[in-house]
Amino acid sequence: EPEVTQTPSHQVTQMGQEVILRCVPISNHLYFYWYRQILGQKVEFLVSFYNNEISEKSEIFDDQFSVERPDGSNFTLKIRSTKLEDSAMYFCASSLRLDTYNEQFFGPGTRLTVL
Amino acid sequence: RKEVEQDPGPFNVPEGATVAFNCTYSNSASQSFFWYRQDCRKEPKLLMSVYSSGNEDGRFTAQLNRASQYISLLIRDSKLSDSATYLCVSRGGAQKLVFGQGTRLTINP
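Not measured: the values here are computed from a predicted model. (Residues numbered from 1 in each chain as written. Chains lettered and ligands numbered in written order. Predicted model: local features only at pLDDT ≥ 70, side-chain atom pairs only at ≥ 80, totals over all residues. Heavy atoms only, no water.)

Enquirer: Is there a simple way to explain the overall build of chain B in this structure?
Expert: What chain B contains, in helices and strands, is zero helices and eleven strands. Listing every helix and strand of chain B by position from the N terminus yields β-β-β-β-β-β-β-β-β-β-β. Taking 2.2 N^0.38 as the reference for a compact globule, 109 residues should give roughly 13 Å; the C-alpha atoms of chain B span a radius of gyration of 13 Å, in line with that estimate. Counting only C-alpha atoms, chain B reaches 40 × 30 × 20 Å along its principal axes. Put simply, of all contacts in chain B between residues at least 6 apart along the chain, 55% involve residues at least 24 apart. Total accessible area on chain B is roughly 5,100 Å²; 47% of this is exposed by carbon and sulfur atoms. Considering chain B, the positive charge centre built from 13 side chains and the negative charge centre built from 10 side chains are found 5 Å apart. (Helix = DSSP H or I, 4+ residues; strand = E, 2+ residues; numbered from the N terminus. Rg over C-alpha atoms; globule rule 2.2 N^0.38 Å. Contact = heavy atoms within 4.5 Å. Areas by Shrake-Rupley, 256 points an atom, 1.4 Å probe, with all protein chains shown as cover. Lys, Arg positive; Asp, Glu negative; His and termini not counted. Charge placed at Lys NZ, Arg CZ, Asp CG, Glu CD.)

This is the structure:
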């Protein structure tokens, strides 16, 4: 069964450093998303991406964040200058369509620890 | 007010029991609703969509009451493998999913 994959599974970085989290969505999917989950808290939407541009973003997704689809398979989330409060699990998701009940498939996540 | 609100639990029930979770949502414009399951430190996985007419999938039954902005999930004949956190989710804007905090369920042998 096709699945979303994410690398690395765990990233440790120093405050102020840049990190790039990588995702490979399901191959025929057209819509891509990033969510994050701070430990013990709910899953929060960050951004959605379609046709090589951001289609929706949350208040969390400020200028420190950017997304890119550099080739036909990868989808990346960059955090320019990490803060302690960026420590969280980051989930990538993808979906085939945009209709009401279309499922978003989640990757296994990257655990980001900012020291 | 939280967009999607759930009782965080934890719920501890014996194997074979029936357990019900409830959830309320504040955005009356939300179009679609889902129950996801999340195991410890894993990704959310879709359990079932929630349709206006109510729907059933094996031991799981979901109901939606748009007038009361209320969603429920019923699990019958619970199994040890049902132990997880159950996430109530609405589709907010065109694409984003809005998650509740989750209800933690432990099934005891």
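That was the structure; now back to the text.
Enquirer: Which parts of the structure should I look at to understand the interface of chain A and chain B?
Expert: In many reports, interface size means the accessible area that the parts give up when they come together. With 26 residues of chain A at the interface, the matching set in chain B holds 23 residues. Together chain A and chain B conceal approximately 2,100 Å² of surface at their shared face, both sides included; 52% is due to carbon and sulfur atoms. Three residues stand out in chain A for area buried against chain B, namely Lys42, Tyr101 and Phe106 of chain A, and they jointly supply 30% of the buried area on that side. On inspection of chain A and its partner chain B, the count reaches zero salt bridges. For the pair chain A and chain B, the number of links is nine residue pairs in polar contact (both at pLDDT 80 or more). Broken down by secondary-structure element, the contributors of at least two residues to the side of chain A that touches chain B are β4 (31-37), β5 (43-50), β6 (53-57) and β9 (88-95) of chain A. When residues in the side of chain A that touches chain B are grouped by element, the largest group, four residues, is from β4 of chain A. For the side of chain A that touches chain B, a count of residues per class yields twelve nonpolar, nine polar and five charged. (Buried area = accessible area lost by both parts, 1.4 Å probe. Salt bridge = Lys/Arg side-chain N within 4 Å of Asp/Glu carboxyl O. Polar contact = N/O pair within 3.5 Å; in protein donor to acceptor, adjacent residues only side chain to side chain. Nonpolar A, V, L, I, M, F, W, Y, C, P; charged D, E, K, R; others polar.)

Enquirer: Honestly, the packing of aromatic side chains in this entry has me stumped. Any pointers?
Expert: Geometrically, a pair of aromatic rings is defined through the distance of the ring centres and the angle of the planes. Under the defined criterion, the tally for this structure stands at 18 aromatic pairs over all chains. Judged by centre distance (6.4 Å) and plane angle (80°), the rings of phenylalanine 91 of chain A and phenylalanine 106 of chain A are edge-to-face. In this pair, phenylalanine 91 of chain A is assigned in strand β9 and phenylalanine 106 of chain A in strand β10 (residues 105-106), connecting sequence segments 15 residues apart. Overall, the relative accessible area of 0% leaves phenylalanine 91 of chain A in the buried class. The class of phenylalanine 106 of chain A is buried, set by a relative accessible area of 8%. In this structure an aromatic cluster arises from ring pairing among Tyr33, Tyr35, Phe45, Phe91 and Phe106 of chain A together with Phe34, Tyr36 and Phe99 of chain B. (Phe/Tyr/Trp six-rings, centres within 6.5 Å; stacked < 30°, edge-to-face > 60°. Buried < 20%, exposed > 50% of the residue type's maximum accessible area, 1.4 Å probe, protein only.)

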